[in-house]
Amino acid sequence: MICKIADLIAEIPTADGLAVRCKDYLWEETAQPDIVVREALYRKELFAPGIPMKSVAYVEAAFQFYRQLLKYDGFYLHSSAVVYEGKAYLFSGRSGEGKSTHTRLWQDTFGGDTRVINDDKPALRYIDGVWYAYGTPWCGKDGININEKAPLAGICFLKQAPHNRIRQLTPAEAMQKILGQTIHRLDDVQNLDALLGHLERLLAQIPVFELENLPEPAAALLSRETMSREALERNL
């Protein structure tokens with residue numbers, strides 16, 4: 001099947017649940033694909049016996065798309081991406097740190113057109129001087145995704161704490177945290193160099209924060225006020 005994901009034409013296998021996952025990304029026009037996901041290249045040997053093929057296809061299609069996305073000034077960030085007032089804000093961190101909880105707090109607290117466009121693997125691409133966040137079909141166990149994009153205005157790494165406190169990270173701190181939440185164990189130097197180049201460009205433009213927080217509306221208010229203010233100052 002032919003899909004349009006992150007403004008790229010992608011040929012995706014239909015088998016093992018991918019047709020359902022990609023239904024909102026189908027592309028009816030005739031076009032040469034930018035990205036081709038090949039079922040024959042699934043690394044089935046990496047999975048334990050008995051793992052359902054739907055799980056294998058989900059992981060392997062996402063990985064193949066990611067590797068080819070690097071050629072188009074893009075990468076994934078393991079995060080929950082919320083769009084608020086037309087701008088995308090990404091919340092990342094280790095599993096269990098409350099990414100989905102925090103973006104739900106944004107929806108509950110700010111209402112309006114606040115929406116989560118991806119709850120696991122949004123794609124980021126640099127196009128004509130602007131970083132964009134995209135919904136993708138690779139959206140985690142809850143299946144939360146919307147096929148749309150928005151200019152990226154900030155990234156925030158979450159850390160559970162008995163208080164709410166936010167600070168902006170240095171580029172070195174941000175680089176380390178982002179590498180920990182993207183697919184950085186790539187199989188060749190060229191792909192790794194491409195990823196590092198994308199990250200250097202991202203960090204020169206997009207502010208990155210760490211939020212120590214409780215799962216409460218006050219934390220959402222703090223992150224929104226801090227991130228939107230910095231985005232405004234940077235004209236993002």
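For the structure itself, consult the block above.
Report follows, based on the coordinates. (Residues numbered from 1 in each chain as written. Predicted model: local features only at pLDDT ≥ 70, side-chain atom pairs only at ≥ 80, totals over all residues. Heavy atoms only, no water.)

1. Some thoughts on the sheet that holds strand β2 (residues 8-11)
The criterion, for reference: In this scheme, strands are said to pair when DSSP sees at least two bridges between them. In this description a helix means any DSSP run of H or I spanning at least four residues, a strand means any run of E spanning at least two, and both kinds are numbered starting from the N terminus.
Taken together, the 3 strands give an open sheet; going across it, the order is β1-β2-β3, and neighbouring strands pair in mixed fashion. Where the open sheet ends on each side, the last strands, each with one partner, are β1 (2-5) and β3 (35-36). As paired elements, β1 and β2 share 4 bridges and run antiparallel to each other. Among the inter-strand pairings, Lys-4 is bridged to a residue of β2, identified as Ile-9.

2. Description of the packing of helix α3 (residues 99-110) against helix α6 (residues 217-233)
Here is the rule we go by: All axes here are fitted lines through C-alpha atoms, helices being fitted over the stretch that makes contact, and every angle between N-to-C directions spans 0 to 180 degrees. Throughout this description, any angle smaller than 35 degrees is read as roughly parallel, any larger than 145 degrees as roughly antiparallel, any in the 65 to 115 degree range as roughly perpendicular, and the remainder as oblique. The contact criterion used is simple: two residues touch if any of their non-hydrogen atoms lie within 4.5 Å. Classification used: nonpolar for Ala, Val, Leu, Ile, Met, Phe, Trp, Tyr, Cys and Pro, charged for Asp, Glu, Lys and Arg, polar for all others including Gly.
It is the contact of α3 with α6, at a shortest axis distance of 9 Å, that shows an interaxial angle of 90 degrees. Accordingly, the angle class assigned to the pair α3 and α6 is roughly perpendicular. Residue-level inspection shows His-102, Leu-105, Trp-106, Thr-109 and Phe-110 of α3 in contact with α6, the latter providing Pro-217, Ala-219, Ala-220, Leu-221, Ser-223 and Arg-224. Classifying every residue of the contact of α3 with α6 gives 7 nonpolar, 3 polar and 1 charged.

3. A few points about the packing of aromatic side chains
Just so we agree on the cut-off: Pairing of aromatic rings covers Phe, Tyr and Trp, the last through its six-membered ring, and needs centres within 6.5 Å; plane angles under 30 degrees mean stacked, over 60 mean edge-to-face, and all others mean tilted. Here the term buried applies to any residue with accessible area under 20% of the maximum for its type, exposed to any over 50%, and partly exposed to those in between, with areas from a 1.4 Å probe on protein chains only. Here, a charge over a ring is recorded when the distance from Lys NZ or Arg CZ to the ring centre is within 6 Å and its angle to the ring normal is within 35 degrees.
Counting across every chain of the model gives 12 aromatic pairs. Residues Phe-65 and Tyr-76 carry aromatic rings whose centres are separated by 6.4 Å and whose planes lie at 15 degrees to one another, so their mutual orientation is stacked. Taken together, the residues Phe-65 in helix α2 (residues 53-69) and Tyr-76 in strand β4 (residues 74-76) connect sequence positions 11 residues apart. Of the two residues examined, Phe-65 and Tyr-76, each falls in the buried class. Over the ring of Phe-63 we find Arg-43; its NZ or CZ atom is 4.0 Å from the centre of that ring. Sitting over the face of the ring of Tyr-132, Lys-149 holds its NZ or CZ atom 4.6 Å from the ring centroid.

4. Details of the nonpolar core
Soluble globular proteins: nonpolar side chains tend toward being buried together. Put simply, the rule is: In this description, a nonpolar core means a group of buried Ala, Val, Leu, Ile, Met, Phe, Trp, Tyr and Cys residues linked to one another through side-chain atoms lying within 4.5 Å.
Counting residues in hydrophobic clusters, the biggest one holds 68 residues, and the most contacted among them are Phe-75, Tyr-89, Leu-90, Trp-138, Leu-152, Ile-155 and Ile-178. Ranked by residues supplied to this core, first place goes to α2 with 8 residues. The contacts of Ile-178, once residues within four sequence positions are left out, are Phe-75, Leu-77, Ile-155, Phe-157, Leu-199, Leu-202, Leu-203 and Val-208.

5. Here we look at the pairing of β1
What you see with β1 is a clean split: Cys-3 and Ile-5 sit on the buried side and Ile-2 and Lys-4 on the side with no burial. Taking the residues that link successive antiparallel strands as the turn, the β1-β2 hairpin has 2 residues, and the phi of Ala-6 there is positive, at about 55 degrees.

6. Examining the packing of helix α4 (residues 171-179) against helix α5 (residues 189-205)
For any two helices packed against each other, one specifies the crossing angle of their axes together with the interaxial distance. Rules: A crossing counts as left-handed when the near helix is turned anticlockwise from the far one by less than a right angle, and as right-handed when that turn is clockwise.
Running from amino to carboxyl end, α4 crosses α5 at an angle of 135 degrees, the nearest separation of the two axes being 11 Å. Taken together, α4 and α5 sit at an angle that is classed as oblique. For the crossing formed where α4 meets α5, the hand is right-handed. Taking contact as the criterion, the partners of Pro-171, Ala-174, Met-175, Ile-178 and Leu-179 in α4 are, on α5, Leu-195, Leu-196, Leu-199, Glu-200, Leu-202 and Leu-203.

7. A short note on the state of the cysteines
Our working rule: Disulfides are defined as cysteine sulfur pairs within 2.5 Å.
Throughout the structure, instances matching the rule amount to 0 disulfides. No disulfide involves Cys-3; its sulfur sits 4.5 Å from that of Cys-22, the nearest cysteine. By relative accessible area, Cys-3 is classed as buried at 0%.

8. Focus on the side chain of Thr-226
Going by this rule: Within 3.5 Å is the distance limit for a polar contact, defined as a pair of N or O atoms, with the added protein rule that one can donate a hydrogen and the other accept it, and that residues adjacent in sequence qualify only through two side-chain atoms.
Here Thr-226 shows up in helix α6. Its relative accessible area of 13% is what places Thr-226 among the buried residues. A polar side-chain atom of Thr-226 sits 2.8 Å from the main-chain carbonyl oxygen of Leu-222. Sequence-distant contacts of Thr-226, that is, excluding residues within four places in its chain, are made with Ile-166 and Phe-209.

9. Some remarks on the environment of Lys-177
Relative to the helices and strands, Lys-177 resides in helix α4. The partly exposed category is assigned to Lys-177, whose relative accessible area is 29%. C-alpha separation for the pair Lys-177 and Arg-94, spaced 83 residues apart in sequence, amounts to 9.6 Å. Those residues in contact with Lys-177, other than ones at most four positions away along the chain, are Phe-157, Leu-169 and Glu-210.

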